Amino acid sequence: MNGRQLDGRVAVVTGGSRGIGLGIAKAYREAGAHVVIASRKAEGLAAAREELLRIKGDGEIHEVVANVGEPEDAEACVAETMSSLGRLDVLVNNAATNPYMGDLLGLDLPRAEKTVRVNQYGMLAWTRYAWQAWMSEHGGAVVNIASVGGLIVDPHIGWYNATKAAMLHMTRQLAYELGPMARVNAIAPGLIKTELARAVWEPREPVLTARLPLRRLGTVEDVAHAAVFLASEASAWMTGQTLVLDGGATVLPIGVDA
Ligand SMILES: NC(=O)c1ccc[n+]([C@@H]2O[C@H](COP(=O)([O-])OP(=O)(O)OC[C@H]3O[C@@H](n4cnc5c(N)ncnc54)[C@H](OP(=O)(O)O)[C@@H]3O)[C@@H](O)[C@H]2O)c1
């Protein structure tokens, strides 16, 4: 992607050390932003920094060790961003967890709580601190990485999908509450070829792609391009909305395979 749509902006990307988050951080750097990547493991962040340095860009790169499920980590990351870069224009709530596979009735409380804490409350806590530190006075854009799982039923990851559906609703609610200063939008990706999803796509890629109207799975770049759009002035009159990026998976007619 070419252009300087985010020139001089400061963007915090949770889960920015690999996969979709790193792809977004790369695209933001290319678009002229300073990027702060946050995740739990310092070594992953250090490797991500090396990858980001290979992307042409003159913005600063900062890494912060943080667990999105710990509100005090959100507060500390935002404080560090403000003290080192002086502003926080874009927040990407990207990191998520899925500790349980199975039907809803088999779900235990600890894993149910962990999923809500990271995926749903995490989004709220990080948005709150970004709002308080910068966006309430200066404006900004929040980009929430949800999932098409928030729109459909799946036999194995129903609780994770329920938190993704909650993210889509919270995107609308926060758009209402934080306007006109901040815009809040979401991306709902279908299957994206990251390490997280490798066990799902690798063994069945030909079958999965044959069913899709666009005949391929998603890439981190597909999501990153949309994330640049939602962070930039190009989407200035858009808030509370969800961009579904799924190669057409959710427009398949019922009962038709390909
Ligand atoms: N891949 C897909 O097919 C797909 C489809 C739809 C939606 N999504 C969504 O896209 C987002 C990113 O997924 P991905 O496929 O890129 O995953 P990934 O490749 O596994 O990357 C996850 C990132 O999040 C970090 N992370 C995980 N748990 C964290 C926590 N509790 N606190 C802070 N950081 C944490 C990881 O680093 P550390 O391990 O160092 O913490 C890593 O940087 C998620 O919200 C996921 O639900 C993915």
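So, a few notes on the structure that sits alongside this text. If you're wondering where the values come from, they're calculated on a predicted model, not measured in any experiment.

### Section: the site of the ligand
Logical step 1: Among the 28 residues in the neighbourhood of the ligand, the closest are listed as Ser17, Arg40, Asn94, Tyr160 and Thr194.
Logical step 2: The contact in question runs from an oxygen atom of the ligand to an N or O atom on the backbone of Gly15, over 3.2 Å.
Logical step 3: Within the complex, 95% of the 890 Å² of free accessible area of the ligand lies under protein.
Logical step 4: Across the shell around the ligand, the residue classes tally to 14 nonpolar, 10 polar and 4 charged.

### A closer look at the packing of helix H1 (residues 19–30) against helix H8 (residues 220–231)
Logical step 1: At a closest axis distance of 8 Å, the pairing of H1 and H8 adopts a crossing angle of 50°. Considering their axes alone, H1 and H8 lie oblique with respect to each other. Crossing hand, H1 versus H8: right-handed. Contacts between H1 and H8 pair Gly19, Ile20, Gly23, Ile24, Ala27 and Tyr28 from the former with Val220, Val223, Ala224, Ala227, Val228 and Ala231 from the latter.
Logical step 2: Residues that form the contact of H1 with H8 fall into these classes: 10 nonpolar, 2 polar and no charged.

### Regarding helix H2 (residues 42–53)
Logical step 1: Its 12 residues give H2 an end-to-end C-alpha distance of 17 Å, which sits within 8% of 16 Å, the value for a rise of 1.5 Å per residue.
Logical step 2: Within the sequence span of H2, burial applies to Leu45, Ala48 and Leu52. One side of H2 carries all its buried residues, which in axial view fall inside an arc of 60°.
Logical step 3: Buried positions along H2 lie against H1, strand E2 (34–39) and strand E3 (61–65).

### Overview of the sheet that holds strand E6 (residues 182–189)
Logical step 1: What the 7 strands build is an open sheet, ordered E3-E2-E1-E4-E5-E6-E7; its pairing is parallel. Of all the strands in the sheet, the pair left with one neighbour each is E3 and strand E7 (242–245). Pairs of neighbouring strands in the sheet enclose a mean axial angle of 15°, with direction left out of account.
Logical step 2: Note: E6 against E7, 4 bridges, orientation parallel.

### Quick word on the environment of Val35
Logical step 1: Mapping Val35 onto the fold places it in strand E2.
Logical step 2: Its relative accessible area of 0% is what places Val35 among the buried residues.
Logical step 3: For Val35 and Gly59, which are 24 residues apart along the polypeptide, the C-alpha to C-alpha distance reads 7.2 Å.
Logical step 4: Setting aside residues up to four positions removed in sequence, Val35 forms contacts with Ala11, Ala25, Tyr28, Arg29, Leu52, Glu60, Ile61 and His62.

### Observations regarding the pattern of salt bridges
Logical step 1: Using the criterion set out here, one finds 11 salt bridges in the structure.
Logical step 2: Between Glu51 and Lys26 there is a salt bridge whose closest N-O contact spans 2.7 Å. Note that Glu51 is positioned in helix H2 and Lys26 in helix H1, a separation of 25 residues in sequence.
Logical step 3: A relative accessible area of 24% means that Lys26 is categorised as partly exposed.
Logical step 4: A salt bridge links Lys193 to Glu205; the shortest N-O distance between them is 2.9 Å. Here Lys193 is found in the loop between E6 and helix H6 (198–201), whereas its partner Glu205 is found in helix H7 (residues 205–211), with 12 residues between them in sequence.
Logical step 5: Here the salt bridges do not stand alone but share partners, grouping Arg4, Asp7 and Asp58 into one network.

### Considerations on the nonpolar core
Logical step 1: Counting 32 residues, the largest nonpolar core has Ile24, Tyr28, Val92 and Ile187 as its most contacted members.
Logical step 2: Counting residues per element, the ones that place at least two in this core are strand E1 (10–14), H1, E2, H2, strand E4 (90–93), strand E5 (140–145) and H8.
Logical step 3: By residue number, the principal contributor to this core is H8, which donates 8 residues.
Logical step 4: With residues up to four places along the chain from it excluded, the contact list for Ile187 reads Val143, Asn144, Ile145, Ala146, Ser147, Val223, Ala226, Ala227, Leu230, Thr242, Leu243 and Leu245.
Logical step 5: Membership of the second largest hydrophobic core comes to 31 residues, among which are Val68, Val78, Ala130 and Met167.

Parameters and conventions
Residues numbered from 1 in each chain as written. Predicted model: local features only at pLDDT ≥ 70, side-chain atom pairs only at ≥ 80, totals over all residues. Heavy atoms only, no water. Near = heavy atom within 4 Å. Polar contact = N/O pair within 3.5 Å; in protein donor to acceptor, adjacent residues only side chain to side chain. Areas by Shrake-Rupley, 256 points an atom, 1.4 Å probe, with all protein chains shown as cover. Nonpolar A, V, L, I, M, F, W, Y, C, P; charged D, E, K, R; others polar. Axes fitted to C-alpha atoms, helices over the stretch in contact; angles between N-to-C directions. Helix = DSSP H or I, 4+ residues; strand = E, 2+ residues; numbered from the N terminus. Parallel < 35°, antiparallel > 145°, perpendicular 65-115°, else oblique. Left-handed = near helix turned anticlockwise from the far one by under 90°. Contact = heavy atoms within 4.5 Å. Expected span 1.5 Å × (residues − 1). Buried < 20%, exposed > 50% of the residue type's maximum accessible area, 1.4 Å probe, protein only. Arc of directions from axis to C-beta. Pairing = 2+ DSSP bridges. Salt bridge = Lys/Arg side-chain N within 4 Å of Asp/Glu carboxyl O. Core = buried A, V, L, I, M, F, W, Y, C linked by side-chain atoms within 4.5 Å.

Keep in mind that these numbers describe shape and distance, not what the molecule does.
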